[in-house]
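Here are the chains, one letter per residue:
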Amino acid sequence: MAQQPAASSPSSAPPHPARPKGSALAAGGTAFAGVLMLISGVLSVLNGIAGIASDTVYAFIGDYVYEFSLTAWGWIHLILGVLVAVTGLGLLKGASWARKVGVVLAALYVIEYFLFLPYAPVWSVISIAIGVFVIWSLLTTRDPYATK
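Since the structure is predicted, the reported quantities are computational estimates derived from the model, not experimental observations.

Concerning the packing of aromatic side chains
Here comes step 1: Using the criterion set out here, one finds seven aromatic pairs in the structure.
Here comes step 2: On the numbers, 5.6 Å between centres and 70° between planes, the contact of phenylalanine 32 with phenylalanine 133 is edge-to-face. In this pair, phenylalanine 32 is assigned in helix H1 (residues 23-53) and phenylalanine 133 in helix H4 (residues 121-140), connecting sequence segments 101 residues apart.
Here comes step 3: When the centroid spacing of 6.0 Å and the interplanar angle of 85° are considered together, the rings of tyrosine 113 and phenylalanine 116 count as edge-to-face. The same class applies to tyrosine 113 and to phenylalanine 116, which are both buried.
Here comes step 4: Clustering of aromatic rings is evident, with ring pairs tying together Trp73, Tyr109, Tyr113, Phe116 and Tyr119.

Here it is as structure tokens:
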């Protein structure tokens, strides 16, 4: 009579390396946040160039407490856009500084577009939502390979 191999029980299986639950999702969220920052930064740079080139790019209706000239808004968009895009690229490359800087720049990005609401309301609301998602994604990541 041939001896049959013993059925392996779940408790006798070799242990799997410890990995936090949802780490693949967290890493995917961080990568997506990096892509969003890169694209948003480039679009903000283009927005800034348009504002610097012409003061008539955006229509403005009514008085606003935080009113700047469109040239000033162009420089704000240009500078912050470059910083956001570079940080998004850093996130995609796994740079150790990118997560913390990304949270700070995304917060500034949200504030910038809140103040820019009267000039481009639809795009501002979309940009605010993107910034909030980026902040959430970067702060909730529990990826063991994430930068510390």
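Considering helix H2 (residues 70-93)
Here comes step 1: In a regular helix each residue adds 1.5 Å, so 24 residues correspond to 34 Å; H2 covers 34 Å between its end C-alpha atoms and thus fits that length.
Here comes step 2: Positioned one or two residues after H2, glycine 94 has a phi angle of 80°, which is positive.

A short note on the nonpolar core
Here comes step 1: With 23 residues, the main nonpolar core has Met37, Trp73, Val84, Phe116, Val134 and Leu138 as its most contacted residues.
Here comes step 2: For this core, the secondary structure elements donating two or more residues are H1, H2, helix H3 (98-115) and H4.
Here comes step 3: Broken down by element, this core gets its largest block of residues, eight residues, from H3.
Here comes step 4: Look past the residues within four positions of phenylalanine 116 in its chain and what remains in contact with it is Asn47, Tyr58, Trp73, His77 and Ser124.

Reading guide: rules and limits
- Residues numbered from 1 in each chain as written.
- Predicted model: local features only at pLDDT ≥ 70, side-chain atom pairs only at ≥ 80, totals over all residues.
- Heavy atoms only, no water.
- Phe/Tyr/Trp six-rings, centres within 6.5 Å; stacked < 30°, edge-to-face > 60°.
- Helix = DSSP H or I, 4+ residues; strand = E, 2+ residues; numbered from the N terminus.
- Buried < 20%, exposed > 50% of the residue type's maximum accessible area, 1.4 Å probe, protein only.
- Expected span 1.5 Å × (residues − 1).
- Core = buried A, V, L, I, M, F, W, Y, C linked by side-chain atoms within 4.5 Å.
- Contact = heavy atoms within 4.5 Å.

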